[in-house]
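Letter by letter, the chains look like this.
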Amino acid sequence: MFDINEYGNIIMTKGDSGCFSVLTLQGKHCKPVLYDIQPEDILHFTVRNIYTDEIALSKDITGANTFYFVPSDTQNLKVGKYKYDVQLDCSRGIYTVIPTNTFIIDGEVTYA
């Protein structure tokens, strides 16, 4: 299972696949800003353990707006809550386009 709830929390079953796209960027005062990803733009997705601040998972994509997850991305993570955000690194600067939110790894039964 991979889900993003109405609060922006990502809930993912450990070891599953999933994806999400960054369709609009968040501008000043949380207003959506339309922006076309350029070929040289990099989107950084970072998940940190909220208790140790260690990076638990990171993904970078260049010239695209969709993050894809494969089972190996989360199979070694502990079940629990983490924090994530997404930053855009472009020619005009670095911008946090999805502010810090909760990333939840749920347990699995099938391959536990």
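Refer to the structure printed above.
Residues numbered from 1 in each chain as written. Predicted model: local features only at pLDDT ≥ 70, side-chain atom pairs only at ≥ 80, totals over all residues. Heavy atoms only, no water.

Describing the packing of aromatic side chains
Taken as a whole and assessed by the stated rule, the structure comprises 10 aromatic pairs. Ring centres of Phe-45 and Phe-103 lie 6.0 Å apart, and the angle between their planes is 65°; this geometry places the pair in the edge-to-face category. Taken together, the residues span a long stretch of sequence, with Phe-45 in strand S6 (residues 42-49) and Phe-103 in strand S10 (residues 93-106) at a distance of 58 residues. In this pair, the class of Phe-45 matches that of Phe-103, namely buried. Ring-pair connections join several aromatic residues into one group, and the members of that group are Phe-2, Phe-20, Phe-45, Phe-67, Phe-69, Tyr-84 and Phe-103. (Phe/Tyr/Trp six-rings, centres within 6.5 Å; stacked < 30°, edge-to-face > 60°. Helix = DSSP H or I, 4+ residues; strand = E, 2+ residues; numbered from the N terminus. Buried < 20%, exposed > 50% of the residue type's maximum accessible area, 1.4 Å probe, protein only.)

Some thoughts on the side chain of Asn-9
Position of Asn-9 relative to the elements: it lies in the loop between strand S1 (2-4) and strand S2 (10-13). Contacts of Asn-9, omitting those with residues within four sequence positions, involve Asp-3, Ile-4, Asn-101 and Thr-102. (Contact = heavy atoms within 4.5 Å.)

Digging into the side chain of Asp-41
Structurally, the position occupied by Asp-41 is in the loop between strand S5 (32-33) and S6. For the buried Asp-41, which has no salt bridge, the nearest side chain bearing the opposite charge is Arg-92, at an N-O separation of 7.8 Å. A distance of 2.9 Å separates a polar atom in the side chain of Asp-41 from the backbone nitrogen of Gln-38. In this structure Asp-41 touches Tyr-35, Asp-36, Ile-61, Thr-62, Gly-63, Leu-88, Asp-89, Cys-90 and Ser-91, once residues within four positions along its chain are discounted. (Lys, Arg positive; Asp, Glu negative; His and termini not counted. Salt bridge = Lys/Arg side-chain N within 4 Å of Asp/Glu carboxyl O. Polar contact = N/O pair within 3.5 Å; in protein donor to acceptor, adjacent residues only side chain to side chain.)

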